Amino acid sequence: VNRRSQPRRYVSSSYTGPTSTARRRAASRRRRTRRLLTTSFTVVLLAGVGVAAWYLIAGRGTGEADATDTASGGQPQTVALETSPSPQASASKSAATKSPSPSSEEGATFSGTHVPILMYHRIEETTVTGDNAAYFCSPKRLAQHVKALKDAGYTAVTLQQVYDYWHNGGTLPEKPVVLSFDDGTSGIADNGGPVLRKYGWPGVLSVIVPNINDSGGSLSMTPTQIRTLIDDGWELDSHSMTHPNLTTVNADRLRYELEESRRRLQEQFDQPVNFFCYPGGAHNAAVMAAAQAAGYLGATTVVRGAADPDMPYQLDRIEVDGRWVPKTLLRDLEYWQQNP
Ligand SMILES: [Zn+2]
């Protein structure tokens with residue numbers, strides 16, 4: 001009781017009471033003053049930063065305008081940064097060098113080994129349900145996939161570019177991905193072509209050779225459609241003559257499927273046709289040896305994974321379910337890159 005009452009008595013005594021109130025008031029005033037000073041300082045600081053930023057932007061803008069006026073046909077921005085003697089311009093130059101700029105992104109190249117190859121089939125709307133629906137990717141969905149890939153930093157490349165990176169000292173963009181399309185149906189050209197064209201991206205078309213005809217059906221492609229894709233930078237590859245299971249055919253038939261399909265495509269479209277796509281993914285040692293003997297530099301499977309430079313005749317792919325939302329595609333892609 002005594003211990004409890006003592007502080008209360010001390011605080012409430014007539015002598016210490018007014019003093020503590022005055023102290024509290026004084027402390028409150030000091031806090032207000034401090035708060036006011038801090039706020040003022042912050043305002044002044046922000047204003048200073050703002051003015052400095054304005055000078056930098058204005059200085060660079062002026063430099064660009066001057067260079068555009070004086071330079072004849074050169075790149076205005078480069079000229080401005082190199083010739084302007086003003087400190088503002090050199091400040092913005094060093095800032096531009098340090099921060100990641102579009103040009104440094106373009107310059108970044110791939111230094112890994114395995115490259116992901118996406119596998120698509122038909123690019124069209126469908127009423128098909130069940131497992132087969134996975135083979136159909138609507139034009140709208142493909143556009144979402146491609147945009148998501150682009151936004152995630154990927155750049156589409158061809159199998160030839162990948163091969164040249166692996167074996168011929170070629171370079172690849174920082175995050176390469178191959179977009180391969182199997183079989184050769186008209187939706188790939190009519191619907192897929194424009195989607196990739198928008199980004200200047202190439203696709204890889206692996207076609208069953210007799211699918212190329214002028215019948216105009218959705219299950220075939222016309223030579224004109226194929227030439228349009230080639231003009232867009234697409235790579236034309238073989239997917240055999242009759243799409244058999246190559247592990248079950250005899251040696252003559254195996255050679256025919258591999259060699260005749262390649263020869264016809266080379267002749268008709270004047271393309272190298274350096275890669276083969278195993279029908280149904282079926283392959284074994286004999287099929288791989290025959291593909292090599294037919295002059296192909298590599299061949300793609302349907303085994304899930306990222307393509308391995310040490311296994312050119314067993315290039316794994318990531319089969320895309322045409323119904324996937326972009327998030328699922330990116331998640332799958334990242335997974336196989338981390339676990340090739
Ligand atoms: Zn196929």
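Here, the structure is the one placed above.
Starting afresh in each chain, residues are numbered from 1 along the sequence in its written order. Residues qualify for local features only when their pLDDT is at least 70, as the model is predicted, and side-chain atom pairs are given and counted only at 80 or more; totals for whole chains, interfaces and linings, by contrast, use all residues. Side-chain numbers here rest on the full set of heavy atoms in the structure, without hydrogens or water.

**Details of the overall build of the protein chain**
Here is step 1 of the chain: What the protein chain contains, in helices and strands, is twelve helices and ten strands.
Here is step 2 of the chain: Buried, partly exposed and exposed residues are distinguished by accessible area as a fraction of the type maximum, computed with a 1.4 Å probe on protein chains only: under 20%, between the cut-offs, and over 50%, respectively. Classification of the 340 residues of the protein chain by burial places 40% in the buried group.
Here is step 3 of the chain: Residues count as neighbours in contact if any of their non-hydrogen atoms are within 4.5 Å of one another. Put simply, of all contacts in the protein chain between residues at least 6 apart along the chain, 65% involve residues at least 24 apart.
Here is step 4 of the chain: Note on areas: Shrake-Rupley with a 1.4 Å probe; residue coverage comes only from the protein chains shown. When the accessible surface of the protein chain is split by element, carbon and sulfur atoms take 54% of a total near 19,100 Å². Only runs of H or I of at least four residues qualify as helices and only runs of E of at least two qualify as strands under DSSP, and these elements are numbered from the N terminus.

**Description of unusual backbone geometry**
Here is step 1 of the chain: Even without glycine at this site, H243 takes up a positive phi of about 60°.
Here is step 2 of the chain: Along the polypeptide, H243 turns up in the loop between β7 (235-238) and α10 (251-269).

**With respect to helix α9 (residues 223-231)**
Here is step 1 of the chain: Those residues of α9 not exposed but buried are P223, Q225, I226, L229 and I230. Down the axis of α9, the sector holding all buried residues measures 160°, keeping them to one side. Exposed side chains of α9 directed beyond 90 degrees from the buried face belong to T224 and D231.
Here is step 2 of the chain: The secondary structure elements touched by the buried residues of α9 are α8 (186-197), β6 (204-207), β7 and α10.
Here is step 3 of the chain: Residue G233 follows α9 closely and has a positive phi angle near 100°. Directions pointing from the helix axis toward each C-beta atom define the arc.

**Quick word on the coordination of the zinc ion**
Here is step 1 of the chain: Protein coordination at the zinc ion comes from D183 (OD), H239 (NE2) and H243 (NE2), with a distance range of 2.1 to 2.2 Å.
Here is step 2 of the chain: Every donor residue of the zinc ion comes from the same chain, spaced as D-x55-H-x3-H. Taken as a pair, D183 in strand β5 (residues 176-183) and H243 in the loop between β7 and α10 lie far apart in primary sequence, 60 residues in all.
Here is step 3 of the chain: With a relative accessible area of 33%, H243 lands in the partly exposed category. Coordinating donors are taken to be N, O and S atoms lying within 2.8 Å of the metal, or within 3.2 Å when the metal is Na, K or Ca; because water is excluded from the atom set, some sites may appear incomplete.

**A word on the nonpolar core**
Here is step 1 of the chain: By nonpolar core we mean a set of buried residues, namely Ala, Val, Leu, Ile, Met, Phe, Trp, Tyr and Cys, connected to one another through side-chain atoms within 4.5 Å. Counting residues in hydrophobic clusters, the biggest one holds 51 residues, and the most contacted among them are L118, Y120, L142, L179, F181, L196 and L205.
Here is step 2 of the chain: What Y120 contacts, discounting residues up to four positions off in sequence, is C137, L142, H145, L179, S180, F181, D182, V320 and L329.

**Concerning the packing of aromatic side chains**
Here is step 1 of the chain: Two aromatic rings, drawn from Phe, Tyr or Trp (for Trp, its six-membered ring), form a pair once their centres lie within 6.5 Å of each other, and the interplanar angle then sorts them: stacked below 30 degrees, edge-to-face above 60, tilted otherwise. Applying the stated rule across the entire model yields eight aromatic pairs.
Here is step 2 of the chain: Centroid distance Y199 to W201: 5.8 Å. Interplanar angle 45°. Geometry classified as tilted.
Here is step 3 of the chain: Judged by relative accessible area, which is 22%, Y199 ranks as partly exposed.
Here is step 4 of the chain: Note on W201: relative accessible area 3%, which makes it buried.
Here is step 5 of the chain: The ring of Y154 carries the charged tip of K175 above its face, separated from the ring centre by 4.4 Å. Lysine and arginine charges are scored as sitting over a ring when NZ or CZ, respectively, is within 6 Å of the ring centre and within 35 degrees of the ring normal.

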